[in-house]
Amino acid sequence: MTLSFVPGDSLAHRLDPRSKLLVQVAFAAVAYAYTTPRGLALLTLVAVGCLLAADGGARDLWSYRVAFPVLLFAPLVAGATLGAPWFRVERAATTGLASYRVLLLLVVAAAYVRSTPVRESRAALQRTIPGRPGVFLGVGVALVFRFLPLLKRDLVATREAVRARLGAERSRRERMRLVAVGGLSRAFSRADRLGTALVARCFAWNPTLPRLAFRRADAPALTLAAAMFAAAVLRIA
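Remember, predicted model here, so these are calculated numbers, not experimental data.

### Quick look at the packing of helix α2 (residues 17-33) against helix α9 (residues 218-236)
Where α2 meets α9, the axes come as close as 8 Å, and the angle between the chain directions of the two elements is 25°. Relative to α9, the element α2 lies roughly parallel. Remark: the crossing between α2 and α9 carries left-handed chirality. Note on element contacts: α9 touches α2 through Asp-218, Ala-221, Leu-222, Leu-224, Ala-225, Met-228, Phe-229, Ala-231, Ala-232 and Arg-235, opposite Ser-19, Leu-22, Val-23, Val-25, Ala-26, Phe-27, Ala-29, Val-30 and Ala-33.

### Concerning the environment of Arg-211
Position of Arg-211 relative to the elements: it lies in the loop between α8 (172-200) and α9. Each C-alpha atom of the pair Arg-211 and Ala-123 lies 8.0 Å from the other, and the pair is 88 residues apart in sequence.

### Quick notes on the nonpolar core
Val-23, Phe-27, Leu-43, Ala-47, Tyr-64, Leu-104 and Met-228 are the most contacted members of the largest nonpolar core, which has 30 residues in total. Among the elements of the structure, α2, α3 (37-53), α5 (89-115) and α9 are those that each provide at least two residues to this core. Sort the elements by how many residues they give to this core and α5 lands first, with nine residues. Setting aside residues no more than four positions away along its own chain, Phe-27 makes contact with Leu-43, Val-46, Ala-47, Leu-104, Leu-105, Val-108 and Met-228.

### Some details on the environment of Ala-67
Note that Ala-67 resides in the loop between α3 and α4 (68-79). Placed 39 residues apart in sequence, Ala-67 and Leu-106 show a C-alpha to C-alpha distance of 9.6 Å.

Reading the values: rules and limits
Position numbers for residues count from 1 along each chain, tracking the sequence in the order it is written. Whole-chain, interface and lining totals are the exception, using all residues; otherwise, since this is a predicted model, local features are given only for residues with pLDDT of at least 70 and side-chain atom pairs are given and counted only at 80 or more. Hydrogens are left out, water is left out, and the side-chain values use all remaining heavy atoms of the structure. Lines are fitted to the C-alpha atoms to define the axes, a helix being fitted only along its stretch in contact, and any angle between axes, read from their N-to-C directions, falls within 0 to 180 degrees. Elements are defined by DSSP. Helices are runs of H or I of four residues or more, strands are runs of E of two residues or more, and each kind is numbered from the N terminus. The labels follow the angle: roughly parallel below 35 degrees, roughly antiparallel above 145, roughly perpendicular from 65 to 115, and oblique for the rest. Helix crossings get a hand from a simple test, with the near helix turned counterclockwise from the far one by less than a right angle marking a left-handed crossing and a clockwise turn marking a right-handed one. Residues count as neighbours in contact if any of their non-hydrogen atoms are within 4.5 Å of one another. The nonpolar core is taken to be a set of buried Ala, Val, Leu, Ile, Met, Phe, Trp, Tyr and Cys residues, with the residues joined through side-chain atoms within 4.5 Å. Burial classification: accessible surface area is computed with a 1.4 Å probe over protein chains only, and a residue below 20% of its type maximum counts as buried, one above 50% as exposed, and the rest as partly exposed.

These figures capture arrangement, not role.
This is the structure:
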């Protein structure tokens, strides 16, 4: 239930990472073009299909649980007013659809993260975007995917340490301060060790990356991406 790659032999695991990136971009484009309940219902089927193609399930979305309260309460906050009628249903409905759209994007992202190794993501970005910008973006994505699980683990360890030291008897504000300070301290410490490790291992901007090649299995994904791009363009036009 972490935000990381899970080895497997599913359809999504066998796809070229560039195909999966195209599907993500196309899905985002069509999701922001079709904002009606009917359009989002069709996109729900696509998002669930992407997650199932990666042998994923509802448990993979647990990594994004921090965003769930925001998505849940955003419609209530948007619909509330300071005067009569005190609550506007149309505003809440519009924001609710937007929150659901973000949830669908998280589902597709979870499928990608679950089925794509970090090295392949970096290779896909560097070979898609030419020059130093592609290299810089590939390195950034690789470091983020490797760093986030560690930061999450550090925050959990800090919270458990606070509880073990009778932190439950402190106020909520004090507990949040302790966890935040401890988490930031560990994050900066890891960043320093990461910099030292990169220097020690002679970090290079042009490493030997895995070879990527489109196969027959990529044809359905590319077709789906093309269809969603076309649907988004027709909607906007």
